Amino acid sequence: MPKVPGLVKGLGVTLGTLFTTVTKGANTVQYPHEKEIPPIRSRGVIALHQDNCTSCMLCSRSCPDWCIYIEAHKELAPPRREGGKPRKVNLLDRFDIDYALCMYCGICVEVCPFDALFWSPEYEYSEPNIADLLHDKSKLSEWMETVPEAPALEAGADKKKK
Amino acid sequence: MTPLLAEIPYWGQSVLRVLGGLVAVLLPAGTIVYVFLFKMMSFMQSRLGPMEAGPYGSMQLFAEVGKWLQKEDIVPERADVRIFKMAPVIVLLSTFLLVVVVPFGPDAWFTDLETGVFYALAVSSVSVLGILIAGWSSANKYSLLGGLRAAGQLIAYELPMVLAVMGVVIQAGTMNMQKIVVAQNSGSMFGISAIGHPYVISQFVGFVIFMIAIQAELTQAPFDMPIAESELVSGYMTEYSGFRFLIFFIGEFATAGVFAMIASVLFLGGWGVPFSWFGWTSIDDISNWMNVVGPLIMFTKMMLVVFIIMWIRFSYPRLREDQLQRFAWKGLIPVALANIMVTSILKVVF
């Protein structure tokens, strides 16, 4: 078969795309009316599981943008075993992430030793006022509902040790 | 319009002609922008285009016009103000002057000049003046370069356009656009009169040259160096905003429509259908309903021609300035000259 000149081929490509768009629809998604489901591990927003947080400040210190603000105080909690000493626990007063600064690097999620931070694929939290992008701990905890279940471990992988 | 409007006083006829001219320029322009620029271009890129304003975004153009009208009319401090303000009007004016000679039906025409083709080709170059003074008066180096490029390009491609039309004029034996339409529709090819004799077949070389030339005259890609946005911001339109930009914008697409109408008159048989279908022998036999159907046929043919122009526009990347000039002077003009010679020899022989 003789080679089709590129100029003619190009016209064919655009006309072909015209017909596929008319018959099968466009590649684009009409966003506010229909939504694209992001992949399960996409980085939408960071959720906070408050009970796991020990306010160790690792996330705050590892954040390249310094966009995590933590304040906490110590309290005494009842002992684990009968007759033991009362435990000292850290309780969060403040855990804020400023999404106006966050660059979604995910280092905080990686560095957290107690599984208190999670990625959620939720992405619809833009605000008309930039100050409202500072999510406090109650709002960060609400995002926990949108965190998907962790995918199952690969066959033969080590079980997580308690 | 003469027999139909004979009873109407002169001022009434003039008002009707002005209204008709507005419709003949603005309606195709709006349709072209919506159907081709908004929708076809999007579909060719697997997008949907505007969808929010009205059903399938059909009111988008009104939204755009409203947006442009309420924008500030900015004039640069060092600009030559009067000329700067005049330039877009001159560009649009040439479009209105062009549509005057286009026949839309047996009696539906604005003027019936004996030298219609000559007039059209002459008036079409008025827009070069508008573009050149827009580029000059903006006091902006990008505008100036864009204006100069436009002048060079429009003059270079006017020659092949004129020469391509010569073939049609030789074959039809007249410069009157109405008579060219009649000649195509009452003619026959090889004794068969079923489809008349559209010059797109016998003047195919001329048609191709004419299409390439109007692509360049309309500064549509791949010939859009005057407004090459990656090199010249927006060329001669850089300093324009608000309704002056809108006039340039309307002018661009209205001229596309009018040039497509001229192309369909010269090569595709214009408003007519082959006269043998209804047993007409001359223009006087044609029934009156052709004055209504004629413009619709014309519109369909215009859309077809604009489709080709836009299809090429959306498919090809921009040429370089020197490639553009070389293509016109070394490619199109010699071929067009040869086409004239062959046409005139064949015209004498047969």
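You'll find the structure just up there.
Residues numbered from 1 in each chain as written. Chains lettered and ligands numbered in written order. Predicted model: local features only at pLDDT ≥ 70, side-chain atom pairs only at ≥ 80, totals over all residues.

Observations concerning the overall build of chain B
Item 1. Helices and strands together make up the secondary structure of chain B, namely 13 helices and zero strands.
Item 2. For 350 residues, the compact-globule estimate of 2.2 N^0.38 gives 20 Å, and the C-alpha radius of gyration of chain B, at 21 Å, lies within 12% of that figure.
Item 3. Taking the principal axes of the C-alpha coordinates as reference, chain B spans close to 65 × 50 × 45 Å.
Item 4. If you take every contact in chain B between residues at least 6 apart in sequence, the share linking residues at least 24 apart comes to 81%. (Helix = DSSP H or I, 4+ residues; strand = E, 2+ residues; numbered from the N terminus. Rg over C-alpha atoms; globule rule 2.2 N^0.38 Å. Contact = placed C-beta atoms within 7 Å.)

A short note on the overall build of chain A
Item 1. Helix and strand counts for chain A stand at four helices and five strands.
Item 2. Written out in order from the N terminus, the α and β elements of chain A read α-β-α-β-β-α-β-β-α.
Item 3. Computed over its C-alpha atoms, the radius of gyration of chain A comes to 24 Å, more than 25% above the 15 Å expected for a compact globule of 162 residues.
Item 4. Reported as C-alpha extents along the three principal axes, the dimensions of chain A are approximately 90 × 50 × 30 Å.
Item 5. Within chain A, buried positions represent 14% of all 162 residues.
Item 6. Once local pairs closer than 6 in sequence are excluded, the contacts in chain A between residues at least 24 apart make up 73%. (Buried ≥ 20, exposed ≤ 12 C-beta atoms within 10 Å, placed from the backbone.)

Considerations on the nonpolar core
Item 1. Core analysis: the biggest nonpolar cluster contains 101 residues, and B:F210, B:A213 and B:A263 have the highest contact counts within it.
Item 2. Looking at which element gives the most residues to this core, the answer is helix α11 (residues 242–267) of chain B, with 16 residues.
Item 3. With near-sequence residues (within four places) excluded, B:A213 lies in contact with B:Y157, B:P160, B:M161, B:A164 and B:L332.
Item 4. Counting residues in each nonpolar core, the second largest holds 19 residues, with A:A47, A:C59, A:I70 and A:C112 among its members. (Core = buried A, V, L, I, M, F, W, Y, C linked by C-beta atoms within 7 Å.)

What about the sheet that holds strand β5 (residues 134–135) of chain A?
Residue and element names in this part refer to chain A.
Item 1. With antiparallel pairing, three strands are arranged side by side in an open sheet as β2-β3-β5. The strands lining the two open edges of the sheet, one partner per strand, are β2 (68–77) and β5.
Item 2. With two bridges joining them, strand β3 (residues 87–98) and β5 adopt antiparallel strand pairing. Residue pairing in the sheet places I97 in a bridge with H135 of β5. (Pairing = 2+ DSSP bridges.)

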